[in-house]
Amino acid sequence: MAAPCPEDPSLERHFKGHRDAVTCVDFSFNTKQLASGSMDSCLMLWHMKPQSRAYRFVGHKDAVTCVNFSPSGHLLASGSRDKTVRIWVPNVKGESTVFRAHTATVRSVHFCSDGQSLVTASDDKTVKVWSTHRQKFLFSLSQHINWVRCAKFSPDGRLIVSASDDKTVKLWDKTSRECVHSYCEHGSFVTYVDFHPSGTCIAAASMDNTVKVWDVRTHRLLQHYQLHSAAVNALSFHPSGNYLVTASSDSTLKILDLMEGRLLYTLHGHQGPATTVAFSRTGEYFASGGSDEQVMVWKSNFDVVDYGEIIKVQRPPTMLASSSGNLPEVDFPIPPGRGRSQESVQSQPQEPISMPQTLTSTLEHIVGQLDVLTQAPE
């Protein structure tokens, strides 16, 4: 079989050091460092430069559930089953300040784009906002009626989105502290949610095996993907806004083309559930973690447009797509002990249609589809 062509994602690095399931990953802004958290109660800080030593940060008394770099990269926040949040200085010393953030497991930590605020989510059913300076508590959002798995700021910092085991995704106004809308379409616990880079829509992952994308202005369901055969545990938008990567308990990662509303790649790297996934800030890489204690770094490759140019585009998905598992996909398993896959099986070779010269025709196609959809009876 032929080796993967350059456009296929490739496994770049394999980081081993955790002693239990990996729960979370996040790249620093300059992509020089990658942080990961684990059920082993440790935080690992990996260096992307080859032959560099990793740092192990010890401090949490129970499983680390979430990790996020501040926009500047000078701070690293982590949350834990020990009910605390720690703010670390990501260097060899690994110094941290700790605060009791919630009355139950902290599931999510996320810095605002200005670095001034931090939002946390917890099994105590609340979302809390803190000032980064001195970790001062600001306010709590408490309309969820079950564990809150994830909470994120919008790119402009004006909105907060949260995902819960009450099967809802809630959109909050940070200034008024009001719940603007509840999205109730998921059939099971909502495990993860994030904003599209444009800030105009959100994507959520669920234990009902689906991913859904909503417009935060009209609250309309834009896209629905039923591609995984088990719970979807995490997702991450490519900074261009054209792609979404998902991680599932079916052990695969999947890359979706949002402009086309279709599956591009299925990646088999982890043995057992893939628990977390995140793109780097440029989109050149994405990292994944799993119950197999592995942290993997993948080179995206599939986006052939200059990153500086594509990041300026950030077009939100505008079409209603309902995708099931019978779509063309690239499927390449990674044999144990082998870094890069040697096999690429592609049912129909297709280039990702996100190139500038094809954007016009793609958008015309989308508008045409919307016309058809809006004429259909409710």
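Just so we're clear, the structure is a prediction, and the values are computed from it rather than from any experiment.

Chemist: How do you make sense of the overall build of the protein when you look at a structure like this?
Modeler: A tally of regular secondary structure across the protein gives 2 helices and 31 strands. Looking at the protein as a whole, 57% of its 378 residues qualify as buried. Considering only contacts in the protein between residues 6 or more positions apart, those separated by 24 or more positions represent 49%. Of the roughly 15,600 Å² that the protein leaves accessible, carbon and sulfur atoms contribute 51%.

Chemist: Honestly, the nonpolar core in this entry has me stumped. Any pointers?
Modeler: Soluble globular proteins: nonpolar side chains tend toward being buried together. Ranked by size, the top nonpolar core spans 17 residues in total, and within it Leu 253, Ile 255, Leu 267, Val 277, Phe 286, Trp 298 and Phe 302 carry the most contacts. Among the secondary structure elements, those contributing two or more residues to this core are β23 (243-248), β24 (252-257), β25 (262-268), β26 (274-279) and β28 (294-299). Dropping the residues within four chain positions of it, Leu 253 is found in contact with Thr 246, Ala 247, Tyr 265, Thr 266, Leu 267, Ala 274, Val 277, Phe 286, Ser 288 and Trp 298.

Chemist: Would you take a moment to explain the sheet that holds strand β27 (residues 285-290) for this structure?
Modeler: What links the strands of a sheet is backbone hydrogen bonding, and the strands pair in either a parallel or an antiparallel sense. The antiparallel open sheet is built from 4 strands, whose spatial order is β1-β28-β27-β26. Only two strands of the sheet have a single partner each, and these edge strands are β1 (10-16) and β26. Along the sheet, successive strands turn relative to each other by an average axial angle of 20 degrees, direction set aside.

Chemist: Please clarify how the packing of aromatic side chains should be interpreted in this entry.
Modeler: Working definition: an aromatic ring pair is given by the centre-to-centre distance plus the angle between the planes. Taken as a whole, this structure holds 8 aromatic pairs when the rule is applied. Arranged with centres 4.9 Å apart and planes meeting at 35 degrees, the rings of Tyr 183 and Trp 214 form a pair that is tilted. In this pair, Tyr 183 sits in strand β17 (residues 179-183) while Trp 214 sits in strand β20 (residues 211-215), placing the two residues 31 residues apart along the sequence. Assigned by exposure class, Tyr 183 and Trp 214 land together as buried. Seen in terms of ring centroids, Phe 279 and Phe 286 are 5.4 Å apart; in terms of plane orientation they differ by 65 degrees. Their pairing is edge-to-face. Taken individually, Phe 279 and Phe 286 each receive the classification buried, so the pair is uniform in this respect. Among the aromatic side chains, those forming a connected cluster through ring pairs are Tyr 55, Phe 57 and Trp 88. The ring of Tyr 285 carries Lys 299 above its face, with NZ or CZ at 5.7 Å from the centroid.

Chemist: Looking at this model, I keep getting lost on the sheet that holds strand β10 (residues 106-111). Mind explaining?
Modeler: Reading across the sheet, the 4 strands line up as β10-β11-β12-β13 and stay open at both edges, with antiparallel pairing between neighbours. Of all the strands in the sheet, just β10 and β13 (136-141) have a single pairing partner and so form its edges. On average, each strand axis in the sheet is tilted by 20 degrees relative to the strand beside it, whichever way the strands run. As paired strands, strand β11 (residues 117-122) and strand β12 (residues 127-131) are joined by 5 bridges and run antiparallel to one another. Considered in β12, the bridge of Ala 121 is made with Val 127.

Chemist: Honestly, the pattern of salt bridges in this entry has me stumped. Any pointers?
Modeler: Between side chains of opposite charge, a pair can form as their charged atoms come close. As enumerated under the stated definition, the model contains 7 salt bridges in all. Put simply, Asp 26 and Arg 281 hold a salt bridge, and the shortest N to O gap is 3.4 Å. Of this pair, Asp 26 sits in strand β2 (residues 22-27) while Arg 281 sits in the loop between β26 and β27, and the two are 255 residues apart along the sequence. For Asp 26, a relative accessible area of 7% translates into the label buried. Judged by its relative accessible area of 27%, Arg 281 is partly exposed. Between Arg 81 and Asp 62 there is a salt bridge; the shortest N-O distance is 3.1 Å. A residue pair is termed long-range when its members are at least 10 positions apart, and Arg 81 in the loop between β7 (76-80) and β8 (84-88) and Asp 62 in the loop between β5 (55-58) and β6 (64-69) qualify at 19 residues. Judged by its relative accessible area of 38%, Arg 81 falls in the partly exposed class.

Chemist: Would you explain the confidence of the model for the protein in this entry?
Modeler: The predicted structure's coordinates, where accompanied by low pLDDT, should not be read in detail. For the protein, per-residue confidence averages 83 on the pLDDT scale, and 78% of positions sit at 70 or higher. Scored below 50 in pLDDT, residues 304-313 makes 18 contacts in the model with residues more than four places away or belonging to other chains. This stretch, residues 324-378, has a pLDDT under 50; its non-local contacts, to residues over four places away or in other chains, come to 96 contacts.

Chemist: What exactly am I supposed to notice about the pairing of β24 here?
Modeler: For a regular strand, the rule is simple: side chains alternate between the two faces of the sheet. In terms of burial, β24 is largely enclosed, as 6 of its 6 residues are buried. Burial along β24 is two-sided: Thr 252, Lys 254 and Leu 256 and Leu 253, Ile 255 and Asp 257, pointing in opposite directions, are all buried. With 5 bridges connecting them, β23 and β24 associate as antiparallel partners. The residue of β24 that forms the bridge with Thr 246 is Lys 254. In sequence, β23 turns back onto β24 through a hairpin of 3 residues, with Ser 251 there showing a positive phi of about 80 degrees. Examined bridge by bridge, β24 and β25 share 6 bridges and lie antiparallel to one another. Among the inter-strand pairings, Leu 253 is bridged to a residue of β25, identified as Leu 267. Between β24 and β25, which follow one another and run antiparallel, lie 4 residues, and Gly 261 among them has a positive phi close to 65 degrees.

Chemist: Help me understand the UniProt feature "repeat: WD" (unreviewed entry) in the protein in this model?
Modeler: UniProt's entry tags residues 15-56, 57-88, 99-140, 141-182, 183-224, 225-266 and 267-299 with the feature "repeat: WD" (unreviewed entry), counted in the numbering of this structure. Between the first and last C-alpha atoms of residues 57-88 the distance is 9 Å; the span itself is 0% helix and 56% strand.

Chemist: How should the environment of Ser 108 be read in this particular structure?
Modeler: The topology assignment puts Ser 108 in strand β10. A sequence separation of 29 residues divides Ser 108 from Gly 79, and the C-alpha atoms of the two residues are 6.4 Å apart. Filtering out sequence-adjacent residues up to four positions away, Ser 108 remains in contact with Cys 66, Val 119, Thr 120, Ala 121, Arg 149, Cys 150 and Ala 151. Here the side chain of Ser 108 touches Ala 151 through a polar contact of 3.1 Å, landing on its backbone nitrogen.

Conventions adopted
Residues numbered from 1 in each chain as written. Predicted model: local features only at pLDDT ≥ 70, side-chain atom pairs only at ≥ 80, totals over all residues. Heavy atoms only, no water. Helix = DSSP H or I, 4+ residues; strand = E, 2+ residues; numbered from the N terminus. Buried < 20%, exposed > 50% of the residue type's maximum accessible area, 1.4 Å probe, protein only. Contact = heavy atoms within 4.5 Å. Areas by Shrake-Rupley, 256 points an atom, 1.4 Å probe, with all protein chains shown as cover. Core = buried A, V, L, I, M, F, W, Y, C linked by side-chain atoms within 4.5 Å. Pairing = 2+ DSSP bridges. Axes fitted to C-alpha atoms, helices over the stretch in contact; angles between N-to-C directions. Phe/Tyr/Trp six-rings, centres within 6.5 Å; stacked < 30°, edge-to-face > 60°. Lys NZ or Arg CZ within 6 Å of the ring centre and 35° of its normal. Salt bridge = Lys/Arg side-chain N within 4 Å of Asp/Glu carboxyl O. pLDDT = per-residue confidence, 0-100. UniProt positions renumbered as here; feature names shortened; annotations may be inferred. Polar contact = N/O pair within 3.5 Å; in protein donor to acceptor, adjacent residues only side chain to side chain.

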